[in-house]
Amino acid sequence: MLSTLRSTLRSSNLSLGRVLTGAAAIIMSASVVTPMIAQQQESERATRQLSESTGIHHDQLGVYDKLWRDRLEGVAQQSLAKAEATVQANASKADASAAKTAIAGLDDYKKLDDSKLRKTIDTTDAATAALAAAGAAADQRAAEAAAAAAAAAAAAQANANTPDGARATARSLAASTYGWGDDQFQCLNSLWNKESGWNYQASNGSSGATGIPQSLPGSKMAAFGADWATNATTQIKWGLDYIKRGYGSPCSAWGHSQSVNWY
């Protein structure tokens, strides 16, 4: 371009100022037009590639844009529904504030452009996944706590089913439920030592009487629990009630047993 300019100056009668002004205009025009041409060429190339990859004709790409938008909005609806269901299921178990904020941001998805909508969907999906994971962890902790409580209860029952454990349970229930002190418990201890040795599995082969208090039949103790055959505490509760109703106190029941050999 500079050699052309020099030749023009030698052969032209134009003043140097006018020539330079014209040259500057040419340079400015090139600096503006060249990027525009490049941008147009890039746009045409991208359009051509999109048409070739999708099989959609150039003049149908406007329809394709609408189909893409419809699909994106469908994904937004699915993300919203999943997020709302996850919040409902886990709000009481974990912090759902992030998911709720994401739902609020995605709720007006029709007003968001494609790029913003895609990012908001991703944010919502991530918050939903985090809340679901937190809820699952809370469920796991609850299950572990329930298992520990069940194990503790089983251990306590196993201890209560031993003769010493049964005696401790009977002493406590006699005092708390009926107001019977140690003097009455001594009579109760003597009575049930004689009847069963405080063995919850005791059974009288001749009469069919069962359990620590020797209920006849054993099924009577079901009034205090369906587990009467395996739980010494249930048997004790029934036995204390039976003594209260039939004799008024353990010492009265023990006196009757000493007299006639049964109670």
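About the criteria used
Residues numbered from 1 in each chain as written. Predicted model: local features only at pLDDT ≥ 70, side-chain atom pairs only at ≥ 80, totals over all residues. Heavy atoms only, no water. Helix = DSSP H or I, 4+ residues; strand = E, 2+ residues; numbered from the N terminus. Contact = heavy atoms within 4.5 Å. Expected span 1.5 Å × (residues − 1). Buried < 20%, exposed > 50% of the residue type's maximum accessible area, 1.4 Å probe, protein only. Phe/Tyr/Trp six-rings, centres within 6.5 Å; stacked < 30°, edge-to-face > 60°. Core = buried A, V, L, I, M, F, W, Y, C linked by side-chain atoms within 4.5 Å. 1 Å grid on protein atoms, 1.4 Å probe; cavity = no way out; pocket = protein on both sides within 12 Å on 5 of 7 lines; lining within 4 Å. Points joined across faces, edges and corners; volume = space filled by probe spheres on them. Nonpolar A, V, L, I, M, F, W, Y, C, P; charged D, E, K, R; others polar. Disulfide = S-S within 2.5 Å.

Trainee: Quick question: what am I supposed to make of the side chain of Thr169 here?
Mentor: Counting through the fold element by element, Thr169 comes out in helix H6 (residues 163-178). If sequence neighbours within four positions are ignored, Thr169 has contacts with Ala160, Thr233 and Ile236.

Trainee: Explanation requested: helix H8 (residues 232-246) in the structure shown.
Mentor: Along an α-helix, a turn takes 3.6 residues, which lines up residues three or four apart on a common side. In a regular helix each residue adds 1.5 Å, so 15 residues correspond to 21 Å; H8 covers 21 Å between its end C-alpha atoms and thus fits that length. By the burial criterion, the buried members of H8 are Ala232, Thr233, Thr234, Gln235, Ile236, Trp238, Gly239, Leu240, Asp241 and Ile243. Elements in contact with the buried residues of H8: helix H5 (114-160), H6, helix H7 (182-195) and helix H9 (250-260). Downstream of H8 by a residue or two, Gly248 has a phi angle that is positive, lying close to 90°.

Trainee: How should the packing of aromatic side chains be read in this particular structure?
Mentor: The geometry of an aromatic ring pair is captured by the separation of the ring centres together with the interplanar angle, meaning the angle of the planes. Applying the stated rule across the entire model yields seven aromatic pairs. Ring geometry for Phe185 against Trp198: centres 6.3 Å apart, planes inclined by 45°, an arrangement best described as tilted. You can see Phe185 sitting in helix H7 and its partner Trp198 sitting in the loop between H7 and H8, a full 13 residues away along the chain. Just as Phe185 is buried, Trp198 falls in that class too. Arranged with centres 5.2 Å apart and planes meeting at 10°, the rings of Trp238 and Tyr242 form a pair that is stacked. With Trp238 and Tyr242 both in helix H8, this residue pair falls four residues apart, about one helical turn. Judged by its relative accessible area of 7%, Trp238 falls in the buried class. Every member of this aromatic cluster is reached through a ring pair, and the members are Trp238, Tyr242, Tyr247 and Tyr263.

Trainee: What is the right way to read unusual backbone geometry from this model?
Mentor: Glycine aside, negative phi is the norm for most residues, and most peptide bonds take the trans geometry. Between Leu216 and the following residue, Pro217, the backbone shows a cis peptide bond with an omega angle of -5°. Within the secondary structure layout, Pro217 lies in the loop between H7 and H8. Phi at Gln214 is positive, roughly 55°, even though this residue is not glycine. For Gln214, a relative accessible area of 12% translates into the label buried. Here Asn261, not a glycine, exhibits a phi torsion of approximately 75°, which is positive. You can see Asn261 is positioned in the segment after H9.

Trainee: Is there a simple way to explain the nonpolar core in this structure?
Mentor: Judged by nonpolar contacts, the single largest core of 20 residues is most densely connected at Leu188, Trp192, Trp198, Ile212, Ile236 and Ile243. At the level of secondary structure, the elements contributing two or more residues to this core comprise H6, H7, H8 and H9. If you tally residues by element for this core, the top one is H7, at five residues. Grouped together as the second largest cluster of nonpolar side chains are 17 residues, Ala94, Ala102, Tyr109 and Leu117 included.

Trainee: Sorry if this is basic, but what is going on with the layout of surface pockets here?
Mentor: In this approach, a probe sized like a water molecule rolls over the atoms, and the result shows the empty space that is left. When its volume is computed, the largest pocket comes out at roughly 270 Å³. Around the largest pocket, the lining is made up of 14 residues, and of these Glu195, Ala209, Gln214, Leu216 and Tyr263 lie nearest the centre. Each residue belonging to the lining of the largest pocket can be placed in one class, and the counts come to seven nonpolar, five polar and two charged.

Trainee: Help me understand the state of the cysteines, please; the structure alone is not making it clear to me.
Mentor: Under the definition given, this model contains one disulfide. Between Cys187 and Cys251 runs a disulfide, and the two sulfur atoms are separated by 2.1 Å. Measuring the twist about the S-S bond at about 85°, one finds the Cys187-Cys251 disulfide to be right-handed. With Cys187 in helix H7 and Cys251 in helix H9, the pair connects residues that are 64 residues apart, well separated along the chain. Take Cys187: its relative accessible area is 13%, and that puts it in the buried class. Taking the relative accessible area as the measure of exposure, Cys251 reaches 27% and is therefore partly exposed.

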